[in-house]
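# Structure assessment
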Amino acid sequence: MENKKYYFAVDLGATSGRTILGVLDGERLEQEELTRFPNNLIETGGHFYWDIYALYFEMIRGLKEVARRGIEINSIGIDTWGVDFVFVGEDGALLRNPMAYRDPHTFGRMEEYLEKVVSRREVYDITGIQLMNFNSLFQFYAMRQADNAALKQATKVLFLPDALSWMLTGSAVCEYTIASTSQMLDPRTGELSERLLQSVGLTRKHFGRMVQPGEKIGVLTEEVQKMTGLGAVPVIAVAGHDTGSAVAAVPARNEQFAYLSSGTWSLMGIETKQAIINERSYELNFTNEGGVEGTTRFLKNICGMWLYERCRKEWPEEVRQLSHPELQGSAMQVEAFRSIINPDDKAFANPSSMIAAIRQYCRETGQAVPETPAEICRCIFDSLALRYRQVFGWLKEFADFPLNVLHVIGGGSLNKYLTQFTADALGVEVLAGPQECTAIGNIMLQAKASGDVGDIWEMRRIIGNSVEPVRYEPQGDKAAWDAAYDKFLRVSEKR
């Protein structure tokens, strides 16, 4: 028992959050979910906000549970989704709840900024980040244009995981991986770009000191210690961006791998020693996000299970009552490649009806129109696998090492049909799991910070000891997949 080390992870997603107890016992890691809670999007005054006080309350509730059990935790780490932030005023108080990235206030603002302020090419050349309207840079611009009072009064800007760490410790930092999602960080210098900061009326002084994953932020304030019953527990900067923590948990044996973080979004990429920013990466809109130990997560955002999730909400009650395996199993009885879409077509970004959008796309591209839930589900899975093949092919262009294995991590790794399709479409071995990769990466980076684990490869070796990935080999009809891929390219070009 004396060899066991305990870590407390806060893992926040855009719909729900969790607190997790990680137990490192020599060569194995175990996890226990302590609390789970909703993360509610609040609509008021024509805008969408996150309730940061509710998230703080839930962190405290999880820490109280640790104290109630008499567990001595080594440290605390927090990861969240990217791009969103809060403002702090001169008196050290938060200036209203953070606006959510899905808020429509950025619609049209990215195009306006790129036309009037800094060009599209210059923004990409500085940051190497995929241009998306909700990136922090364009949120700041939209707020400036709207004369946002909180932005005008802010003395500090804290990205979401940094804001929650600040509420626990009183120490303001700017964690590297979360800052990289903002479209304001220059990966060559490892710092926020003065040019882009000035373009939205901010300075470097608005942000905390830059910290890397594995650095100590501070310890719990006396106020938090009193509330929770814990002592001066250290708070560690893990990879604050949830995908950064997830990729750190890929149980790879060496550097020659690609990853697919599969959930609402699919993020497919490779780990590189330097950012890749050139004509081809700009043309294909690839992104360079901060990784662990000075690496870059070179990746592309792909619309993932968002398509399926949205359709499932629209289907009648009797369909929604089917389990995922039941519904997905019925899709396997449908003719393959009958209807194919490009999941990243703008028609699927946020339509009022996803089912109608899929049918309309198929109609406009001269294909059979999927009618039943099984047909729509099959269309989504076939199409995602083909889009993965396209992006994987591009990654092979950029990688300076052979890519013969894909690690699928996250909740989507449990989808055995889509994972097998991915192996068939790509023609490579696919290793699925772990599902809870974000929390695992968060915990292991805390262990690395405390010296209980060495480098990233020792982390990954221990994760591999603790979670056995499911292996998928290509087994489909290669000629059929090749023909389907040709169809996918033709259909995509028609749009």
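Residue positions are given per chain, counted from 1 along the sequence in the order it is written. Given that this is a predicted model, residues contribute local features only at a pLDDT of at least 70 and side-chain atom pairs are listed and counted only at 80 or more, while totals for whole chains, interfaces and linings are drawn from all residues. Computation of side-chain values: all heavy atoms of the structure, hydrogens and water removed.

Note on definitions: angles span 0 to 180 degrees between N-to-C directions of axes, and those axes are lines fitted to C-alpha atoms, for helices only across the stretch in contact. We count a stretch as a helix when DSSP gives it H or I for four or more residues in a row; a strand needs E for two or more, and each element gets its number in order from the N terminus. Direction vectors running N to C along helix H16 (residues 373-398) and helix H17 (residues 416-426) enclose 40 degrees, while the axes themselves pass 9 Å from each other. Taken together, H16 and H17 sit at an angle that is classed as oblique. At the point where H16 passes H17, the crossing takes the right-handed sense. Only Tyr417, Leu418, Phe421, Thr422, Ala425 and Leu426 of H17 make contact with H16, whose side of the interface consists of Arg378, Phe381, Asp382, Leu384, Ala385, Tyr388, Arg389 and Phe392. For the contact of H16 with H17, a count of residues per class yields 10 nonpolar, 1 polar and 3 charged. Throughout this description, any angle smaller than 35 degrees is read as roughly parallel, any larger than 145 degrees as roughly antiparallel, any in the 65 to 115 degree range as roughly perpendicular, and the remainder as oblique. Handedness of each helix crossing follows the sense of rotation of the near helix against the far helix: counterclockwise by less than a right angle gives left-handed, clockwise gives right-handed. Contact criterion: two residues are considered in contact whenever any of their non-hydrogen atoms come within 4.5 Å of each other. Three classes are used, and their members are as follows: Ala, Val, Leu, Ile, Met, Phe, Trp, Tyr, Cys and Pro are nonpolar, Asp, Glu, Lys and Arg are charged, and the others, Gly among them, are polar.

For the rest of this paragraph, the subject is the side chain of Thr422. Tracing the backbone through its elements, the reader meets Thr422 in helix H17. In contact with Thr422, other than residues within four places in its own chain, are Ala385, Tyr388, Leu406 and Val430.

Below, the discussion takes up the pattern of salt bridges. Salt bridges are defined as contacts in which a side-chain nitrogen from Lys or Arg sits within 4 Å of a carboxyl oxygen from Asp or Glu. In this structure the tally under the stated criterion is 33 salt bridges. One salt bridge in this structure joins Arg68 and Glu65, with 2.8 Å as the shortest N-O distance. A residue pair is termed a helical-turn pair when its members lie 3 or 4 positions apart in one helix, as Arg68 and Glu65 do in helix H1 (residues 52-69) at 3 residues. For the exposure calls, accessible area comes from a 1.4 Å probe over protein chains only, and a residue counts as buried if that area is under 20% of its type's maximum, exposed if over 50%, partly exposed in between. When its relative accessible area of 18% is taken as the criterion, Glu65 is described as buried.

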